[in-house]
Amino acid sequence: MLNFISQPWPWYVAGTLIGLIVPTLLILGNKAFGISSSLRHICAACMPAKIPFFSYDWRKETWNLWFVGGIIVGGFIGGLLLKNPAAMTIAPDTLNSLKALGVHDFTSGLLPTDIFNWENLFTAKGLVFFILGGFLVGFGTRYAGGCTSGHAIMGLSNLQWPSLVATLSFMVGGFAMTHLGLPFLMRWVGL
Amino acid sequence: MVSIVTVEEKIPPVATPTKAANWKFGLVGVFFGIVFVKAEVISWFRIQEMFRLDSFHMYGVIGTAVLIGMISVLLIKRLNIKTMQGDPITIAPKQFNKGQIYGGLLFGFGWAITGACPGPLFAQIGAGYSVVIVSLLSAIAGTWVYGAIRKYLPH
């Protein structure tokens, strides 16, 4: 059983379990599935700075902070306790494209450590992959009013066409960055 | 002293029937985090595969999740399922504004760079990629800057 759990789970198992979070949160307490709102609540709690967008009672949304806190714990359990001992299987075409862009580490885990590493923090790599990337995630999701969970999963589940617009925009942005932006950026940071 | 105790005993316990305990959502989060890691959804490589159309995995995960979510919401509406507190379930509709396009594109850029949407950022940190704390802090800063300048942005 533990052996089965520590294997990578197939997409239909993961998709089903993630989809079931939608009714679980609704039935538990009328909560709409969404993660990026937690970033707004953290802003409202820590440094509202009299900005109207952060002037609301974030304490009413504490459930969302518990939710993301739980995700960190779940990440620990899944990543360290139920760790998959084998290296990831990466699609050969992606692997070759990334190799050509200068990525070397394909075996140590879920992220390439030649990018995601504390030593890169104060380098161009850190500037692009942590600072710029993170900033765009936080700024973009709030500007769009939701992320993959709030729009793509919750919004589409509730047949909201604005969420379809948002989801398509996420994908267009991702394709553009992967094929047009990253080749340039990865050469620039000197991978 | 005795009389005070009697008075207190007459006061009914303070009940909050419409509010679920927050730790329950924490538990759902734990479950979600495990699924994220075990299905490799938090992997930078899997997101790269998705945007390079080299693997079906992420499309399968998101597609199945949407399908299951849709069926669930449909059943909740059809069967008039209530919350555990007995309240009717309500989902706020999403209003369209241009931010969904502009913000969506910007998030898409960030998604391809970090290989993570907000949920996986949290899960990556838990899974031991501690440097992602910096990405998360930058994401919080991004949200804050959006809040600060939103009145100047097209919506």
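Residues numbered from 1 in each chain as written. Chains lettered and ligands numbered in written order. Predicted model: local features only at pLDDT ≥ 70, side-chain atom pairs only at ≥ 80, totals over all residues.

(A) View of the overall build of chain B. Within chain B one finds seven helices and zero strands. In chain B, the succession of α and β elements from N to C terminus is α-α-α-α-α-α-α. Looking at chain B residue by residue over its 155 residues, the buried ones come to 52%. Considering only contacts within chain B whose residues lie at least 6 apart along the sequence, 51% involve residues at least 24 apart. (Helix = DSSP H or I, 4+ residues; strand = E, 2+ residues; numbered from the N terminus. Buried ≥ 20, exposed ≤ 12 C-beta atoms within 10 Å, placed from the backbone. Contact = placed C-beta atoms within 7 Å.)

(B) Representation of the nonpolar core in the model. In this structure, Ala14 and Ile153 of chain A together with Val35 and Val61 of chain B are the most contacted members of the largest nonpolar core, which totals 101 residues. The residues that make up this core include at least three from each of domain 1 (1-86) and domain 2 (90-191) of chain A. Other than its neighbours up to four places away in sequence, Ile153 of chain A contacts Ile18, Val22, Phe33 and Thr148 of chain A together with Ala65, Val66 and Gly69 of chain B. (Core = buried A, V, L, I, M, F, W, Y, C linked by C-beta atoms within 7 Å. Domains from an automatic or database assignment.)

(C) Looking closely at unusual backbone geometry. All names here are of chain A. Phi is positive for Ala49, close to 50°, though the residue is something other than glycine. For Ala49, the location among the structural elements is in the loop between α3 (37-46) and α4 (62-81). Judged by the 11 C-beta atoms lying within 10 Å of it, Ala49 is exposed. The phi angle at Lys50 is positive, at roughly 60°, despite the residue not being glycine.

(D) Here's a closer look at the domain arrangement of chain A. Residues and elements named next belong to chain A. Splitting chain A by domain gives domain 1 (1-86) and domain 2 (90-191). Here the C-alpha centroids of domain 1 and domain 2 sit 19 Å apart. Counting from both sides, the interface comprises nine residues of domain 1 and, opposite them, 10 residues of domain 2. Those elements that provide at least two residues to the side of domain 1 that touches domain 2 are α2 (11-29) and α3.

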